[in-house]
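Now for the letters of each chain:
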Amino acid sequence: MDNAVSILLNEKFLAVDNRLNYESYKNLLLKCEICEQAVFFKKASDFNKPGIKRIAHFSHYKDIGNIPCSERTESNTTTQETGSEGKKQSLENYQMKIQQIIYEGIVYYQKISNLQLHQRINEGEILVNLYEIDLYSWLCQFSNKREDIKKLALSLYHNKSSEIECRVFSNIVNYLCFPVSADILKKVLYYVFLFNKEIFINNACDEVFSKTIKLISYINLGSEYQQAQKSLTAFNDDNLTEEVLSQDTDLETETVEPKMVTIPSFLGSYKTEVLETTELEYYLCRIKESKNGKVFYQRIARKTYETISISWYEDKDKEYEYLTLRHNTSIVATFYLTKDRTIKWNPLSVFFVNQTIIALLATRSPKEYILSENLYGFFIQWVNSSVFEFWVNRNASLSIYPVHFVKLLFLFKAYINERSGLTKSIGDGLTVEVEVRPVLVDSIYNESLLKLAGKSKSMKKRYLMSNSPIKKLKISHL
């Protein structure tokens, strides 16, 4: 394909344009003129072979779904395979650029932090699940009514900016309606739902579309347009280096500016990403047997690790605080504590699905594994591991983790351990779960705080002293 269109400039580019480089796919957000899907750039120099001369061109990604296009070929790939520089052109980075533009606009316009933005998105996701909203059907409506939504975006934005900015804005809204952008649009809808539940519940399509477009319209289009223009002259193809090409940054690490701690070598990649999140990285393994009959674990060949994490949030009315348990980006359980010290535990069914998990923790040496039959068991083993205890205790003593986060982590650990150990036999090999006793949970929790505080006066003051009487713990079963 010899030409592509920039979403951010609303301008067509020929592949032979010497201003283009391997960062242009993302800096300009290049798309196919026919199917309007993301494309990346291939130089003529990538194909230098004896007797074969290939011209520069644009190519589609594989992971855009079954969208018909006369310009698409069978050789499309999710990442350019030829040349070390070209390998940086991933669809994931392209999508991250779109998401970053939207997030930065919301953060700036609504005067909130990046962390608050993510908290609101997560809170919206919890409410969508609580109200049993079929978000998939809404994503389908955005896809099916893409042309109408694009026109609506133009009409709503028309009086705010120049003609070119209107076109750029409609390009972004249009791209978000495609299935390839479902993950980004889903997060935007979580945010919209948090403040506009009734329009989803009442199935008010036009209002949902309008509210979503309004949220996206916070984008600073003038700035994005200028940055895209500058990128055409910012790099020289002859001295483009790997250092420049490795500057893909994650939105959260770029804007949140968390306190980071040097990680001991035996802990490897175990780290905190934000002040109120703790995360464990791991690689999936399978059981193998050698020729001499020795059983060992073999890492499944995947480029990236997986994660489990626990994050702290508080509802906007401060009526309760809660922890969300995630597997990768999906919430699998939520642990609530209300103002009157009532615990509510809300795991999703996927939390208990039988699946053998053999996890190689992303540590350097020595190798450490966690084996479990489901995500529930995986989380229990993690929160009871020496690595988890060391890291939480250290970050608590250094005031990297806030007191409220550490306390709720310890309360959750006490609850989940008491809950997992309470079963009794009812005959014929069957067991049932016994009701969790709040007194025991409170006792285990207080012992954990005493151990954490130790002999330190400052830690005792932070974790053991309170100006108000402590209410008795209660447990409510959802």
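See above for the structure.
Attention here is on the structure that accompanies the text. Everything numeric in this text was worked out from a predicted model, so none of it was measured.

Glancing now at the overall build of the protein. Helices and strands together make up the secondary structure of the protein, namely 17 helices and 16 strands. The burial tally for the protein puts 49% of its 478 residues in the buried class. Considering only contacts within the protein whose residues lie at least 6 apart along the sequence, 61% involve residues at least 24 apart. Counting every atom, the protein has about 24900 Å² of accessible surface; 50% of that belongs to carbon and sulfur.

What follows covers the packing of helix 13 (residues 375-383) against helix 15 (residues 403-420). Closest axis-to-axis distance for the helix 13/helix 15 pair is 10 Å, and the angle between their directions is 125 degrees. Between helix 13 and helix 15, the crossing angle belongs to the class labelled oblique. As for how helix 13 packs across helix 15, the hand of that crossing is left-handed. Residue-level contacts link Tyr376, Ile380 and Val383 of helix 13 to Phe412, Lys413, Ile416, Asn417, Arg419 and Ser420 of helix 15.

What follows is about helix 3 (residues 114-130). Compared with the 24 Å implied by 1.5 Å per residue over 17 residues, the 24 Å span of helix 3 between its first and last C-alpha is a close match. Of all 17 residues in helix 3, 12 are buried, a share of seventy percent or more. The set of residues buried in helix 3 consists of Asn114, Leu117, His118, Gln119, Ile121, Asn122, Glu123, Gly124, Glu125, Ile126, Leu127 and Val128. Where helix 3 terminates, the next one or two residues include Glu132, which has phi positive at roughly 55 degrees.

Time to look at the sheet that holds strand 3 (residues 30-31). Spatially, 3 strands are ordered 2-1-3 in an open sheet, and the strand pairing comes out antiparallel. Of all the strands in the sheet, the pair left with one neighbour each is strand 2 (11-14) and strand 3.

Let us now look at helix 2 (residues 91-109). The periodicity of an α-helix, 3.6 residues per turn, causes residues three or four places apart in sequence to face the same way. With 19 residues, helix 2 ought to run about 27 Å at 1.5 Å a step, and its terminal C-alpha atoms sit 28 Å apart, in line with that. Two residues or fewer past helix 2, Lys111 is found with a positive phi of approximately 55 degrees.

Below, the discussion takes up the pairing of strand 2. Working note: regular strand, side chains alternate between the two faces of the sheet. Pairing between strand 1 (residues 3-6) and strand 2: 4 bridges, direction antiparallel. Opposite Ala4, over in strand 2, you have Phe13 as the bridge partner. Here strand 1 folds back onto strand 2 in antiparallel fashion, the turn holding 4 residues, of which Asn10 has a positive phi close to 55 degrees.

Here we take up the nonpolar core. Counting residues in hydrophobic clusters, the biggest one holds 77 residues, and the most contacted among them are Phe58, Ile102, Tyr175 and Leu189. Broken down by element, the residue count for this core peaks at 9 residues, all from helix 7 (residues 182-195). If we ignore the near neighbours within four places in the chain, the residues touching Ile102 are Leu176, Ile184, Val188, Ile216 and Ile219. By size, the runner-up hydrophobic cluster in this structure holds 52 residues, among which are Leu284, Phe351, Ile357 and Phe412.

Bringing the pattern of salt bridges into the picture now. Counted by the stated rule, this structure contains 13 salt bridges. Between Lys451 and Glu389 there is a salt bridge, with the nearest N and O atoms lying 3.0 Å from each other. Placement of the pair is Lys451 in helix 16 (residues 438-453) and Glu389 in helix 14 (residues 386-397), with a sequence separation of 62 residues.

What follows covers the packing of helix 2 against helix 7. Packing of helix 2 against helix 7 brings their axes to within 10 Å, and their N-to-C directions diverge by 20 degrees. By the angle between their axes, helix 2 is roughly parallel relative to helix 7. Two packed elements cross with a definite hand, and for helix 2 against helix 7 that hand is right-handed. Contact residues: helix 2 offers Gln95, Ile98, Gln99, Ile102, Tyr103 and Ile106, while helix 7 offers Ile184, Lys187, Val188 and Tyr191. A class-by-class count of the residues in the contact of helix 2 with helix 7 yields 7 nonpolar, 2 polar and 1 charged.

A few words on the packing of aromatic side chains. Using the criterion set out here, one finds 33 aromatic pairs in the structure. Both rings, one in Tyr191 and one in Phe195, keep their centres 5.6 Å apart while their planes meet at 50 degrees; by these two values the pair is tilted. One end of the pair is Tyr191 and the other is Phe195, both in helix 7 and 4 residues apart, which spans about a single turn. Between the aromatic rings of Tyr322 and Tyr336, the centroid separation amounts to 5.6 Å while the plane-to-plane angle is 40 degrees, which identifies the pairing as tilted. On the criterion of sequence distance, the pair formed by Tyr322 in strand 9 (residues 320-327) and Tyr336 in strand 10 (residues 330-338) is long-range, its members being 14 residues apart. Given the relative accessible area of 1%, Tyr322 is considered buried. Among the aromatic residues, those joined into a cluster by ring pairs are Phe335, Trp345, Phe351, Phe352, Tyr376, Phe379, Trp382, Phe388, Phe412 and Tyr415. Above the plane of the ring of Tyr283 lies Arg299, whose end atom (NZ or CZ) is 3.7 Å from the centre.

Before going further, it helps to examine the side chain of Ser170. For Ser170, the location among the structural elements is in helix 6 (residues 163-176). With relative accessibility at 1%, the residue Ser170 sits in the buried group. Not counting the four nearest positions on each side in its chain, Ser170 is found in contact with Lys150 and Leu154.

About the criteria used
Residues numbered from 1 in each chain as written. Predicted model: local features only at pLDDT ≥ 70, side-chain atom pairs only at ≥ 80, totals over all residues. Heavy atoms only, no water. Helix = DSSP H or I, 4+ residues; strand = E, 2+ residues; numbered from the N terminus. Buried < 20%, exposed > 50% of the residue type's maximum accessible area, 1.4 Å probe, protein only. Contact = heavy atoms within 4.5 Å. Areas by Shrake-Rupley, 256 points an atom, 1.4 Å probe, with all protein chains shown as cover. Axes fitted to C-alpha atoms, helices over the stretch in contact; angles between N-to-C directions. Parallel < 35°, antiparallel > 145°, perpendicular 65-115°, else oblique. Left-handed = near helix turned anticlockwise from the far one by under 90°. Expected span 1.5 Å × (residues − 1). Pairing = 2+ DSSP bridges. Core = buried A, V, L, I, M, F, W, Y, C linked by side-chain atoms within 4.5 Å. Salt bridge = Lys/Arg side-chain N within 4 Å of Asp/Glu carboxyl O. Nonpolar A, V, L, I, M, F, W, Y, C, P; charged D, E, K, R; others polar. Phe/Tyr/Trp six-rings, centres within 6.5 Å; stacked < 30°, edge-to-face > 60°. Lys NZ or Arg CZ within 6 Å of the ring centre and 35° of its normal.

Function cannot be inferred from these measures alone, as they are strictly geometric.
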